[in-house]
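# Structural features, examined
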Amino acid sequence: MRKLVYYVASTLDGFIAAPDGSYDFFPLEPDVAAHLTAEWPQTFPTFAHAQLGIASPPAGRFDAVLMGRATYDPALKLGVASPYAHLKQYVFSRSLPPSDDPQVEIVAGDPVAFVRELKEQPGSDIWLCGGGQLAGQLLDEVDELVVKLNPVVAGSGIPLADRGFTPTRFTLAGARSFDTGVVVLRYTAGAR
C-alpha cells in the first residue's frame, strides 16, 4: 500500500507559515539545500529544478502531491497551473473549477475518503505538501511525518496541523542536524 508522507518546514513553535500564508522566513541555507535536493528532489517546484541542479524529471519516492487551496494559490497567482508538473497533483478545493492541466485534479470531496482510496491504488508514495487545514484533516492518514525544523519562533501563523486538541503519537525514525540549526526529523505513525 502507498504511504502518505507529510513533508513540511516548521518553526520551533509549530507553524508552517505566517498568518498571511507566506513562508519566506524559512531560508534555504546551502548545507540544507544540498541535502534536500539530494534526498527530496521531488518536493521542489518543477520550475526550480534547473537552477538547483535537479534532474528532470527527478527520481524519488513520490508520484503524487496533495495540496490545499491556500498552498496552491501562490502558483496560480504567478500563472503556474502545474507547480509540480513532474507529479500528479491533487488540489483540495470546493471553489476552484476543474483544471485544464491533465496533471492537476481539483478534489471537492472528503479528503480522508479520497486519500484512503488513493493509497489503495497502485503507485508510489504520496506527498502531503500542505497546508495546515488539510494536514489537520488528514493527520490520521499520515504514515510518515518529515519536519524540517527551523531555529525560528514565529509566535503565530498557520499551524502544522490545524485541528482540535487531539494528541496523535508518532515515533522518531531518524534525525539529521545541520550547522545552520535546521534539524530534519523523520517520524512514523504510531499503531492505529
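Residues numbered from 1 in each chain as written. Predicted model: local features only at pLDDT ≥ 70, side-chain atom pairs only at ≥ 80, totals over all residues. Heavy atoms only, no water.

It is worth spelling out the overall build of the protein at this point. When you go through the protein residue by residue, the secondary structure sums to five helices and ten strands. For 192 residues, the compact-globule estimate of 2.2 N^0.38 gives 16 Å, and the protein sits close to it at 16 Å. The principal-axis extents of the C-alpha atoms in the protein amount to approximately 45 × 40 × 35 Å. Among the 192 residues that make up the protein, the fraction classed as buried is 44%. In the protein, 66% of the contacts between residues at least 6 apart in sequence involve partners at least 24 apart. Accessible area for the protein stands at about 9900 Å²; split by element, carbon and sulfur atoms hold 54% of it. Considering the protein, the positive charge centre built from 15 side chains and the negative charge centre built from 21 side chains are found 5 Å apart. (Helix = DSSP H or I, 4+ residues; strand = E, 2+ residues; numbered from the N terminus. Rg over C-alpha atoms; globule rule 2.2 N^0.38 Å. Buried < 20%, exposed > 50% of the residue type's maximum accessible area, 1.4 Å probe, protein only. Contact = heavy atoms within 4.5 Å. Areas by Shrake-Rupley, 256 points an atom, 1.4 Å probe, with all protein chains shown as cover. Lys, Arg positive; Asp, Glu negative; His and termini not counted. Charge placed at Lys NZ, Arg CZ, Asp CG, Glu CD.)

Most of strand E3 (residues 62-68) is tucked away, with six of its seven residues classed as buried. Pairing analysis gives five bridges linking E3 to strand E6 (residues 125-130), with the strands arranged parallel. Counterpart to Val65 in the pairing with E6 is Trp127. Sheet topology note: the E3/strand E4 (residues 88-92) ladder contains five bridges and is parallel. (Pairing = 2+ DSSP bridges.)

Pairing in this open sheet of eight strands is mixed, and the strands run E5-E4-E3-E6-E1-E7-E10-E9 from one edge to the other. The sheet is open, and its two edges are formed by strand E5 (104-107) and strand E9 (170-177), each paired on a single side. Across the sheet, the mean angle from the axis of one strand to that of its neighbour is 20 degrees, orientation sign disregarded. One ladder, built from four bridges, connects E4 with E5; its direction is parallel. Bridge pairing in E5 links Gln89 to Val104. (Axes fitted to C-alpha atoms, helices over the stretch in contact; angles between N-to-C directions.)

In this sheet, strand E10 (residues 183-189) lies alongside E9 in antiparallel orientation, the contact comprising seven bridges. Following the sheet pairing, Leu172 is matched in E10 by Tyr187. Taking the residues that link successive antiparallel strands as the turn, the E9-E10 hairpin has five residues, and the phi of Gly181 there is positive, at about 100 degrees.

Outside of glycine, negative phi angles account for most residues, and trans bonds account for most peptide bonds. Here Ser56 and Pro57 are connected by a cis peptide whose omega angle stands at -5 degrees. Along the chain, the position of Pro57 falls in the loop between helix H2 (49-52) and E3. At the junction of Gly130 and Gly131, the peptide bond is cis and its omega measures out at 5 degrees in the coordinates. Within the secondary structure layout, Gly131 lies in the loop between E6 and helix H5 (132-138).

Here we come to the layout of surface pockets. The volume enclosed by the second largest pocket comes to roughly 200 Å³. Around the second largest pocket sit Leu139, Leu145, Ala161, Arg163, Gly164, Thr166, Pro167, Thr168, Arg169 and Phe170, which together line it. Partitioned by chemical class, the residues of the lining of the second largest pocket number five nonpolar, three polar and two charged. (1 Å grid on protein atoms, 1.4 Å probe; cavity = no way out; pocket = protein on both sides within 12 Å on 5 of 7 lines; lining within 4 Å. Points joined across faces, edges and corners; volume = space filled by probe spheres on them. Nonpolar A, V, L, I, M, F, W, Y, C, P; charged D, E, K, R; others polar.)

This part is about the environment of Val91. By the secondary structure assignment, Val91 is in strand E4. The class of Val91 is buried, set by a relative accessible area of 0%. Apart from residues no more than four positions distant in its own chain, Val91 is found in contact with Met67, Gly68, Arg69, Tyr72, Leu96, Val104, Glu105, Ile106 and Val107.

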